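Survey of secondary and tertiary structure
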Amino acid sequence: MTDRTTDFQPPIPFIPLFGQSWYERGLGYWTKRALISIALGLLLLLSIVFIWAVVATIIDKANLWPRIALLLLVSAGISWSHYIGFKQVRARRVSQTSNPAARSPGLITGAAAYGGSGIAGALILIGQIFVVGWVTANFVYSLRRYVSPFEVRAVQEMREWYTQHPELPNSQRPKQFRQRPE
């Protein structure tokens, strides 16, 4: 009698950025995860440095009350940005939908500022205060166990598949899908 467990393999879903590497979680998967986290970390650092440099320059030239008002406004903006950023990223991870409209104004404003529009440049400064929370939220979520909502859904599908096929031995399962001994 032959062992039938080796005759079938699970249908491994393909997810954006990772393909099927999320299944085995090998070197390619972890390299991509590290690059995503590093890129988001650098973007976050750049945002913080940009905000700090501009605010420090304005504060050095301002009197006491405008300085206090500016610091309060920037602090409120950054706090609001973090609140909204984490709320949106968490909601996107749950619903697996994204808001393409949220990305387009930044691109348009950036292009206008590059073209020399002073108003667009000022909007980038003000907008940076509100974008830093979204970048922080994405950076934090990139460090979690599953990096994207697509990966969460794929893992859930695979767990269901392995639940329906308990006869498949642990030796043929990736580490994340092995049965726990009772």
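Residues numbered from 1 in each chain as written. Predicted model: local features only at pLDDT ≥ 70, side-chain atom pairs only at ≥ 80, totals over all residues. Heavy atoms only, no water.

**Observations regarding the overall build of the protein chain**
Across its full length, the protein chain carries six helices and zero strands. Each helix and strand of the protein chain, placed in order from N terminus to C terminus, yields the pattern α-α-α-α-α-α. Classification of the 182 residues of the protein chain by burial places 29% in the buried group. Put simply, 66% of the contacts in the protein chain that link residues at least 6 apart link residues at least 24 apart. About 12,200 Å² of surface is accessible on the protein chain, with carbon and sulfur atoms providing 66% of the total. (Helix = DSSP H or I, 4+ residues; strand = E, 2+ residues; numbered from the N terminus. Buried < 20%, exposed > 50% of the residue type's maximum accessible area, 1.4 Å probe, protein only. Contact = heavy atoms within 4.5 Å. Areas by Shrake-Rupley, 256 points an atom, 1.4 Å probe, with all protein chains shown as cover.)

**A closer look at the nonpolar core**
Trp22, Tyr23, Met158, Tyr162 and Phe177 are the most contacted members of the largest nonpolar core, which has 14 residues in total. Contributing elements (two or more residues each) for this core: helix 1 (21-24) and helix 6 (149-164). Broken down by element, this core gets its largest block of residues, five residues, from helix 6. Those residues in contact with Trp22 that lie beyond four places of it in its chain are Ile12, Pro13, Ile15, Tyr29, Glu151, Ala154, Val155, Met158, Gln176 and Phe177. Core analysis: the next-biggest nonpolar cluster, separate from the first, contains eight residues, Ile51, Val55, Val74 and Val135 among them. (Core = buried A, V, L, I, M, F, W, Y, C linked by side-chain atoms within 4.5 Å.)

**Structural notes on the packing of aromatic side chains**
This model, assessed by the stated rule, comprises nine aromatic pairs. With centroids separated by 5.2 Å and ring planes inclined at 45 degrees, the aromatic side chains of Phe18 and Tyr29 adopt a geometry described as tilted. Of this pair, Phe18 sits in the segment before helix 1 while Tyr29 sits in helix 2 (residues 27-61); the two residues are eleven residues apart in sequence, bridging distant segments of the chain. Grouping residues by exposure puts Phe18 and Tyr29 together as buried. Between Trp161 and Tyr162 the ring centres are 5.1 Å apart and the planes differ by 85 degrees, which places this aromatic pair in the edge-to-face class. On the accessibility criterion, Tyr162 (3% relative accessible area) is buried. Through a chain of ring-to-ring contacts, the aromatic side chains of Trp22, Tyr23, Trp161, Tyr162 and Phe177 assemble into a single cluster. (Phe/Tyr/Trp six-rings, centres within 6.5 Å; stacked < 30°, edge-to-face > 60°.)

**A look at the pattern of salt bridges**
Going through the model one piece at a time under the given rule, you end up with two salt bridges. With a shortest N-O distance of 3.6 Å, Arg25 and Glu151 are connected by a salt bridge. Of this pair, Arg25 sits in the loop between helix 1 and helix 2 while Glu151 sits in helix 6, and the two are 126 residues apart along the sequence. In terms of burial, Arg25 and Glu151 fall into one category: buried. (Salt bridge = Lys/Arg side-chain N within 4 Å of Asp/Glu carboxyl O.)

**Topic: the layout of surface pockets**
For the second largest pocket, the calculated volume is near 260 Å³. Arg145, Arg159, Tyr162, Thr163, Arg173, Lys175, Gln176, Phe177, Arg178, Gln179 and Arg180 are the residues that line the second largest pocket. Classifying every residue of the lining of the second largest pocket by side-chain character gives two nonpolar, three polar and six charged. (1 Å grid on protein atoms, 1.4 Å probe; cavity = no way out; pocket = protein on both sides within 12 Å on 5 of 7 lines; lining within 4 Å. Points joined across faces, edges and corners; volume = space filled by probe spheres on them. Nonpolar A, V, L, I, M, F, W, Y, C, P; charged D, E, K, R; others polar.)

**A word on helix 6**
Given a rise of 1.5 Å per residue, 16 residues ought to cover 22 Å, and the 23 Å separating the end C-alpha atoms of helix 6 matches this to within 8%. Within helix 6 the residues assigned to the buried category are Pro149, Glu151, Ala154, Val155, Met158, Trp161 and Tyr162. (Expected span 1.5 Å × (residues − 1).)

**Some words on a nonpolar patch on the surface**
Together, Ile38, Leu42, Leu45 and Val49 make up an exposed nonpolar region whose accessible area comes to about 380 Å². Relative to the assigned elements, Ile38 resides in helix 2. (Patch = residues over 30% accessible without salt bridge, like charges linked within 9 Å, V, L, I, M, F, W, Y side chains within 5 Å.)

**Some words on the confidence of the model for the protein chain**
Overall, the predicted model of the protein chain reaches an average pLDDT of 79, with 79% of residues at or above 70. Scored below 50 in pLDDT, residues 1-5 shows five contacts in the model against residues more than four places distant or in partner chains. A low-confidence stretch, residues 97-114 stays under pLDDT 50, and its non-local contacts, those more than four residues away or across chains, total twelve contacts. (pLDDT = per-residue confidence, 0-100.)

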